Every structure is written in C-alpha cells, then in structure tokens.
Amino acid sequence: DKMKSRVRQTRLYRFEQGILTGRSPYGYRYDNKRKQFNVDARKAKIVREVFIMTIDGIDYKEICRSLDLAPQQYYNIIRNIVYYGIVEFEGNQKKGSH
C-alpha cells in the first residue's frame, strides 16, 4: 500500500507539472538522465504525416500502407490527446509541458 501510494503521488506531481504520467507515446522517448520526454525526430515525422494525410482526407488504409503502420497504431496516434498538448491523470486533463 505504501508503494502504491508513493507511485500515485509521483504520478500526481508529474501531472501537476504538465509532464506525461504514463508510457511515452509514439514519437517521444523518455530520457532517464534528464527525467523528461524528448521528441524522437524520425517517429515524429511519421506522426506529423499521419495528421496531415488525415486532414487531407486520405483513407486510413492508404495512410497505414504508405507509412508502414498497423491500423491500431494509426488510431492510437489520432486519438491520443498528448499530440494536442494535453496530459491526463485519473480523468483530469491539463496543458502539458511538452
């Protein structure tokens, strides 16, 4: 119970600071040394292309085929609020520092 409480407190603190509280989403990687999330340039380019192609009205199957993504990866990117600059913890949302 003590460990569970400490983990929750750490995650809550990170949320209050606008820092992602879970796993790094596609296009980001966690830097253990600096304790922060950094953009993975190669994957970030794919994320940008997913959004651009979606806005242009290209079918998700074509996007997945051209970017070599599984359909689930595509939907995970499109639905993830992290890419809109929002972090979430226990149902609460706020502007992220990323």
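Everything discussed here concerns the structure shown above.
Now for a quick tour of the structure. (Residues numbered from 1 in each chain as written. Predicted model: local features only at pLDDT ≥ 70, side-chain atom pairs only at ≥ 80, totals over all residues. Heavy atoms only, no water.)

1. Looking at helix α4 (residues 71-79)
Turning to step 1, where the next piece is worked out: For α4, every residue scored as buried is listed here: Tyr74, Ile77 and Ile78. In a view along the axis of α4, the buried residues occupy a sector of 95°, so they form one face of it.
Turning to step 2, where the next piece is worked out: Tucked inside the fold, the buried residues of α4 contact α2 (41-55) and α3 (60-67). (Buried < 20%, exposed > 50% of the residue type's maximum accessible area, 1.4 Å probe, protein only. Helix = DSSP H or I, 4+ residues; strand = E, 2+ residues; numbered from the N terminus. Arc of directions from axis to C-beta. Contact = heavy atoms within 4.5 Å.)

2. Comments concerning the pattern of salt bridges
Turning to step 1, where the next piece is worked out: Applying the stated rule across the entire model yields two salt bridges.
Turning to step 2, where the next piece is worked out: When the shortest N-O distance is used, the salt bridge between Glu90 and Arg8 registers 2.8 Å. Highlighted residues: Glu90 in the loop between β3 (86-89) and β4 (92-95) and Arg8 in helix α1 (residues 2-16), separated in sequence by 82 residues.
Turning to step 3, where the next piece is worked out: Residue Glu62 pairs with Arg65 through a salt bridge whose shortest N-O separation is 3.2 Å. Of this pair, Glu62 and Arg65 both sit in helix α3, three residues apart, which is roughly one turn of the helix. (Salt bridge = Lys/Arg side-chain N within 4 Å of Asp/Glu carboxyl O.)

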